[in-house]
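Analysis of the macromolecular model
Here is what each chain is made of, one letter per residue.
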Amino acid sequence: EWPQTGRLALYLLGLRATCPRPEPHRALVTWLKYYLEEDWTGSRRHGHPLTSYYQYGLGVLALCVHHKRVREEVIRRLLEAQHHSRLGHSGTAVDTEAVVALAFTCLERRRLVGAGLASELRAATEGMSRNMAEAQGPDGIIGNIYSTPWALQVFLATGVCHTEPAYSRAMAALLENLDAFGTAATMAQVLPVLHGHSYLDITSMHCQEEPDTLTPLDIEPPTELPGNKTVQLVVECSQPWCFELRLYDRPVSVPATASLLDVLRVAAAQDPQHFTFDTQDTAQGPFLTQVLGLEARQQKRNYWQLLTAPSTPLQMGVADYIPNDGETLILRLSEY
């Protein structure tokens with residue numbers, strides 16, 4: 001079975017933030033250590049974790065937040081990946097580097113590693129922090145809108161938020177795009193930042209001082225807009241082994257409030273012989289893994305890139321992006 005490294009790590013981070021008694025989660029911490037080993041040993045011949053460096057880094061971060069030591073070999077796997085720029089393509093490098101940087105900072109701060117390794121971790125974190133600042137676009141977003149809170153957490157955790165110009169610009173961009181964070185997982189990434197904190201702050205929470213102030217909210221369902229819209233759906237394969245670049249190009253009529261995921265579902269239902277797709281559930285929502293029988297696989301270093309014509313990458317996932325009437329959406333199998 002596929003290691004549940006990332007999902008269990010996120011659960012343990014959330015559990016630590018709720019100030020639990022120590023007994024219930026001890027077994028889960030043991031399972032996370034097991035998943036970290038399975039994640040790596042199951043894919044030695046590929047030279048990377050079975051899941052991803054993002055999930056692997058989350059696992060190390062969660063263990064550190066729970067004050068658990070991590071084997072030096074596990075840490076050095078992440079150090080080597082960072083040194084050789086293996087932490088992801090342009091669409092995922094920022095959030096992966098941010099998770100790894102938080103893990104390294106936690107290990108150093110909690111003194112869970114020796115002085116020599118701590119110095120290496122500090123240098124790697126400084127390098128990743130510079131990469132994030134350089135990845136900032138003219139709109140203030142770092143990587144994409146969902147990776148921006150991760151980068152801001154690193155600036156906060158490392159104490160450079162007052163001296164790093166990218167911080168204030170990214171925070172302004174975040175405040176302008178808060179409606180993009182509609183799932184529990186994305187809210188969990190952005191809420192600490194809005195309060196000037198990072199995930200590292202839960203390591204030093206004084207649980208006895210935490211008041212029970214949680215109250216349910218009555219949220220009205222969004223108003224349905226009448227009418228339909230037409231979206232041009234295009235599938236491209238930029239790999240050399242594809243016979244042609246454009247594999248699919250047809251209009252799809254959907255309700256006015258339909259997301260990109262709704263567009264794909266309607267296209268598959270109306271034309272099942274010519275259009276198929278598949279997704280994988282993640283903590284951030286559905287992730288596009290297969291289109292027209294072509295799989296995006298980490299072993300082949302390719303992924304399905306989402307763009308709006310002519311070549312603007314989408315800042316949201318398939319379930320969150322709401323296309324406009326007449327818009328052309330491109331699913332492109334790309335390499336990183």
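In the nomenclature of an unreviewed UniProt entry, the protein chain is known as Transcobalamin-2 of Sapayoa aenigma. The record held by UniProt for the protein chain lists under Sequence similarities (unreviewed entry) the comment "Belongs to the eukaryotic cobalamin transport proteins family."

1. Here we look at the sheet that holds strand β2 (residues 246–255)
Here 5 strands make up an open sheet; going across it, the order is β2-β1-β8-β6-β7 and the pairing mixed. The open sheet has two edge strands, β2 and β7 (312–313), and neither has a second partner. As defined by bridge partners, strand β6 (residues 302–308) adjoins β7 across 2 bridges and the pair is classed as antiparallel. Looking at the pairing, L307 lines up with P313 of β7.

2. A few points about the sheet that holds strand β5 (residues 294–295)
Ordered by their spatial adjacency, 3 strands build an open sheet running β3-β4-β5, and the pairing between neighbours is antiparallel. Since the sheet does not close on itself, it has two edges, and those belong to β3 (277–282) and β5, each with one partner. In this structure, strand β4 (residues 285–291) lies alongside β5, joined through 2 bridges in antiparallel fashion. Looking at β5, one finds that V291 is bridged to L294.

3. Digging into the side chain of S147
Take S147: it is sitting in the loop between α6 (115–134) and α7 (148–157). A distance of 2.8 Å separates the side chain of S147 from the backbone nitrogen of N144, its partner in a polar contact. With residues near it in sequence (within four places) discarded, S147 still touches V94, D95 and I142.

4. Description of the nonpolar core
Burial of nonpolar side chains together is a common tendency in soluble globular proteins. Core analysis: the largest hydrophobic core is formed by 70 residues, its most contacted members being L61, F104, L107 and M132. Those residues within four positions of M132 in sequence are excluded, and the remaining contacts are V94, E97, A98, A101, I142, A151, V154 and F155. Counting residues in each nonpolar core, the second largest holds 28 residues, with C242, V252, A258 and A267 among its members.

5. Points about the pairing of β6
In terms of burial, β6 is a largely internal element, 7 of the 7 residues being buried. Bridge analysis of β6 against strand β8 (residues 328–335) gives 7 bridges, and the strand direction is antiparallel. By the bridge assignment, W304 is partnered in β8 with L333. In this antiparallel pair of consecutive strands, β6 and β7, the connection spans 3 residues.

6. Here we look at the pattern of salt bridges
Opposite charge on two side chains permits pairing when their charged atoms draw close. All told, the structure shown has 13 salt bridges when counted by the stated rule. A salt bridge links R76 to E72, with the nearest nitrogen and oxygen atoms 2.9 Å apart. With a gap of 4 residues between them, R76 and E72 both fall in helix α4 (residues 72–83), about one helical turn apart. Judged by relative accessible area, E72 falls into the partly exposed class, the value being 43%.

Conventions used here
- Every chain begins its residue count from 1, and numbering advances along the sequence as written.
- Thresholds applied to this predicted model are a pLDDT of at least 70 for local features of residues and 80 or more for the giving and counting of side-chain atom pairs; totals over whole chains, interfaces and linings are not thresholded and use all residues.
- Working from all heavy atoms in the structure, the side-chain values ignore hydrogens and water.
- UniProt positions are given in the numbering used here, feature names are shortened, and annotations may be inferred rather than shown by experiment.
- In short, DSSP must find at least two bridges between two strands for them to pair.
- Strands here are runs of E lasting at least two residues and helices are runs of H or I lasting at least four, both read from the DSSP assignment and numbered beginning at the N terminus.
- Polar contacts, as used here, are pairs of N or O atoms within 3.5 Å; protein pairs need one atom able to donate a hydrogen and one able to accept it. Residues neighboring in sequence count only if both atoms are side-chain atoms.
- Only heavy atoms enter the contact rule, under which two residues are in contact if any of them lie within 4.5 Å.
- Here the nonpolar core consists of buried residues drawn from Ala, Val, Leu, Ile, Met, Phe, Trp, Tyr and Cys, with membership extended through side-chain atoms lying within 4.5 Å.
- Only protein chains enter the accessibility calculation, which uses a 1.4 Å probe. A residue is then buried if its area is under 20% of the maximum for its type, exposed if over 50%, and partly exposed in between.
- Criterion for a salt bridge: a side-chain nitrogen of Lys or Arg within 4 Å of a carboxyl oxygen of Asp or Glu.

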